[in-house]
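What follows is the residue order along each chain.
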Amino acid sequence: MLQVLNPATEETVATVPAATPADVDAAVARAAAAQRGWAAAAPADRARLLRRFAAVVDDHVEELARLEVTEAGHTIGNARWEAGNVRDLLDFAAGGVERLNGRQIPVAGGLDITILEPLGVVGVIAPWNFPMPIAAWATAPALAAGNAVILKPAEATPLTALRLAELALEAGLPEGLFQVLPGTGPVAGNALVEHPGIAKIVFTGSTGVGKSIMAKCADQVKRVTLELGGKSPNIVFADADLEAAAAAAPMSFLDNSGQDCCARTRILVQRGAYDRFLELLTPAIEEIVVGDPADERTQMGPLISRAQLDRVRSYVPEHAAGIRGKAPEGPGFWFPPTVLTGVPEDARCAVEEIFGPVAVVLPFEDEADAIRLANATEYGLSGSIWTRDVGRALRASRAVRAGNLSVNSHSSVRYWTPFGGYQQSGLGRELGPDALTAFTETKNVFISTEGPAL
Ligand code: NAD
């Protein structure tokens, strides 16, 4: 049994049965049967059903959002956005069904065409930090491309996923096409990875588990997309609009209590602007409203679990120099917004993903030094560059090894632009104009016009 706790109160919200390998076997058989009919259906019919699914999700945005506040401690504002994001992902993917075109390639003596075929049954293994959007990033395009999906949500956050599976049936999606199997990683997750009936695994989670999944997928040359950890830089050049950069910095690593793979947790500030930037950043951090996630005014809620709280604490010495915000006392997994200063570049807190509301500020000398520091990581997911110099913004954007960069802003994830990591932040891309093709095989067919060879 999985125990689901409310992270803001530590009360048990639900207990959910954990899937066994036998449950995974049965789900794969159901999914394979459903997928054959789904792939054979007219594209317009598949698109219509996905749009209907999007509409049903839209009717339940508030309910799904409240559920996410309860099981994940997300602020209600974020949770509404997340449920709306599922709707938008389904709508966007539905628009791709009838545009999943192959190509015609010139070849002498006949006609050469490519066909984009569905993979079959796709296994999606999701983390607890953004349970709904991350599940839908893979599920929506996989379904649109003609696949079936089995989703294994994280142990701590199965409830919104289970509700989405009910809504899919309510919308008229065929039984078995989209199934949700809550369970533990080592049992249910692993059974999906090892199952010969699963054609592809989309895994979002920690880099360590991602590596072990990639190694296991190699056994069957199973397709795999990995969305892993990050330690993203926020580079502030001295010529930037410092007021704007300091105002935007707090929520770039405090959103979702810092449990965000794109969190800009390494704030790199050019030496000449360092003191002024910290002067501006201090009140911005101290004013962040941390508390009941169901309260509309709250900007930051609790961490997901006691284990996560202990992990975050282990990175922050009691009397560390820096800036500290406020956090509630009493039950719940609370940690205050924290900015550490005066730490060495290679300190544990400066190089490892903490996955909590903690950032470090490090000074740099010039553009070359900024790029060196930004790239001094095994990760490469996101990053931001603050400068008024367009040439520098472009040079830095080219030089930072990361999949998702933003200039004078911190935006990085939109369902219609590609998303994914360099280096150990991942493999493959999700979202964007090519989202559906990640769930297809390309088949090349040559048709001779010369008649059968004698
Ligand atoms: P995690 O790796 O512990 O778990 C993620 C999922 O994998 C869960 O569903 C878990 O049950 C499952 N799992 C665990 N062990 C498994 C195994 N042996 N076989 C199969 N499945 C297994 O990660 P987490 O703590 O839930 O999530 C936090 C991590 O996710 C952070 O590192 C964060 O950066 C990363 N993340 C990355 C992205 C991205 O898009 N790059 C997005 C969100 C989170």
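If you're wondering where the values come from, they're calculated on a predicted model, not measured in any experiment.

Undergrad: Looking at this model, I keep getting lost on the overall build of the chain. Mind explaining?
TA: The helix and strand inventory of the chain stands at 14 helices and 18 strands. In terms of overall dimensions, the chain is globule-like: its C-alpha atoms have a radius of gyration of 23 Å, near the 22 Å expected for 454 residues. With the C-alpha coordinates aligned to their principal axes, the bounding extent of the chain is approximately 80 × 55 × 40 Å. Relative to its full complement of 454 residues, the chain shows a buried share of 55%. Of the contacts made within the chain by residues no fewer than 6 positions apart, 74% connect residues no fewer than 24 positions apart. Within the structure as shown, the chain displays about 18,600 Å² of accessible surface, and the carbon and sulfur contribution to it stands at 55%. Between the centroid of the 39 positive side chains of the chain and the centroid of its 53 negative side chains there is a distance of 4 Å.

Undergrad: Which parts of the structure should I look at to understand helix α6 (residues 159–171)?
TA: Along an α-helix, a turn takes 3.6 residues, which lines up residues three or four apart on a common side. Given a rise of 1.5 Å per residue, 13 residues ought to cover 18 Å, and the 19 Å separating the end C-alpha atoms of α6 matches this to within 8%. Of the residues one or two after α6, Gly-172 is the one with positive phi, at around 105°.

Undergrad: Please clarify how the domain arrangement of the chain should be interpreted in this entry.
TA: Many authors give the size of an interface as the accessible area that is lost as the parts come together. Here the chain is described as being made up of domain 1 (2–228 + 421–445) and domain 2 (233–407). Just the C-alpha atoms count here: the centres of domain 1 and domain 2 sit 30 Å apart. On the side of domain 2, 31 residues touch domain 1, which itself brings 29 residues to the contact. The junction of domain 1 with domain 2 conceals about 2,400 Å² of combined surface from both sides, 56% of it contributed by carbon and sulfur atoms. The largest share of the area that domain 1 buries against domain 2 comes from Glu-10, Trp-128 and Gln-423, three residues that together contribute 22% of it. Here domain 1 and domain 2 share 2 salt bridges between them. The partner of Arg-80 in a salt bridge is Glu-296, with the nearest N and O atoms 3.1 Å apart. Of all the secondary structure elements, the ones that give two or more residues to the side of domain 1 that touches domain 2 are α3 (61–72) and α4 (76–97). Looking at the side of domain 1 that touches domain 2, the element that brings in the most residues is α3, giving 4 residues. Looking at the side of domain 1 that touches domain 2 residue by residue, the class counts come to 11 nonpolar, 12 polar and 6 charged.

Undergrad: Just to check I follow, could you spell out the site of the ligand for this structure?
TA: Within the structure, the ligand sits among 28 residues, and Ala-126, Glu-155, Ser-206, Leu-228 and Glu-353 are positioned closest to it. A distance of 2.9 Å separates an oxygen atom of the ligand from a polar side-chain atom of Lys-152. Ser-206 is positioned with one of its side-chain polar atoms (N or O) 2.6 Å from an oxygen atom of the ligand. Secondary structure elements with two or more residues in the shell around the ligand: α5 (131–144), α7 (185–194), β8 (200–204) and α8 (207–219). For the shell around the ligand, the leading source of residues is α7, giving 3 residues. Taken together, the residues of the shell around the ligand break down into 16 nonpolar, 8 polar and 4 charged. Shared between two domains, the shell around the ligand takes at least three residues from each, and those domains are domain 1 (2–228 + 421–445) and domain 2 (233–407).

Undergrad: Would you take a moment to explain the sheet that holds strand β3 (residues 104–105) for this structure?
TA: To summarise the sheet geometry, strands pair through backbone hydrogen bonds and adopt either a parallel or an antiparallel arrangement. Sheet architecture is open: 3 strands sit in the order β3-β4-β18, paired in antiparallel fashion. The open sheet terminates on both sides in strands that have one partner only, identified here as β3 and β18 (440–448). Pairing geometry for β3 and strand β4 (residues 110–118), over 2 bridges, is antiparallel. Bridging from a neighbouring strand, Ile-105 pairs with Asp-112 of β4.

Undergrad: Quick question: what am I supposed to make of the pairing of strand β11 (residues 266–270) here?
TA: The side chains of a regular strand alternate, first on one face of the sheet and then on the other. Burial of β11 is extensive: 5 of the 5 residues sit out of reach of the surface. The side-chain alternation of β11 yields two buried faces, one formed by Arg-266, Leu-268 and Gln-270 and the other by Ile-267 and Val-269. Pairing analysis gives 4 bridges linking strand β10 (residues 233–236) to β11, with the strands arranged parallel. Considered in β11, the bridge of Val-236 is made with Val-269. In the classification by handedness, the crossover that spans β10, the intervening helix α9 (residues 242–254) and the parallel β11 is right-handed.

Conventions and cut-offs
- Counting restarts for each chain: residues are numbered from 1 in the order of the written sequence.
- Selection of residues for local features in this predicted model requires a pLDDT of at least 70, selection of side-chain atom pairs for listing and counting requires 80 or more, and totals for whole chains, interfaces and linings are taken over all residues.
- Hydrogens and water are ignored here; the side-chain numbers use all heavy atoms of the structure.
- Strands here are runs of E lasting at least two residues and helices are runs of H or I lasting at least four, both read from the DSSP assignment and numbered beginning at the N terminus.
- With the radius of gyration taken over C-alpha atoms, the globule rule is written as 2.2 Å times the number of residues to the power 0.38.
- Three labels apply to residues, based on accessible area from a 1.4 Å probe with only protein chains included: buried if under 20% of the type maximum, exposed if over 50%, partly exposed otherwise in between.
- Note on contacts: a residue pair is in contact if any heavy atoms of the two residues lie within 4.5 Å.
- To measure how exposed things are, a 1.4 Å probe is used in the Shrake-Rupley method; for residues, cover is taken only from the protein chains shown.
- None of His or the chain ends enter the tally, which takes Lys and Arg as positive and Asp and Glu as negative.
- For the purpose of locating charges, the reference atoms are NZ of Lys, CZ of Arg, CG of Asp and CD of Glu.
- For a helix, the expected span equals 1.5 Å multiplied by the residue count minus one.
- The domain boundaries here were taken from an automatic or database domain assignment.
- Buried area is calculated as the accessible area (1.4 Å probe) missing from two parts once they are joined, with the contributions of both summed.
- Salt bridges are identified by distance alone: a Lys or Arg side-chain nitrogen within 4 Å of an Asp or Glu carboxyl oxygen.
- Throughout, the ten residues Ala, Val, Leu, Ile, Met, Phe, Trp, Tyr, Cys and Pro are labelled nonpolar, Asp, Glu, Lys and Arg are labelled charged, and all others, Gly among them, are labelled polar.
- To be near a molecule or strand, a residue needs just one of its heavy atoms within 4 Å of it.
- Pairing of N or O atoms within 3.5 Å defines a polar contact, subject to two protein rules: one partner must be a possible hydrogen donor and the other a possible acceptor, and residues neighboring in sequence count only if both atoms are side-chain atoms.
- Pairing between two strands is assigned when DSSP locates at least 2 bridges connecting them.
- By convention, a crossover is right-handed whenever its connection, traced from the first strand over the helix to the second and viewed with the strands pointing away, goes clockwise.

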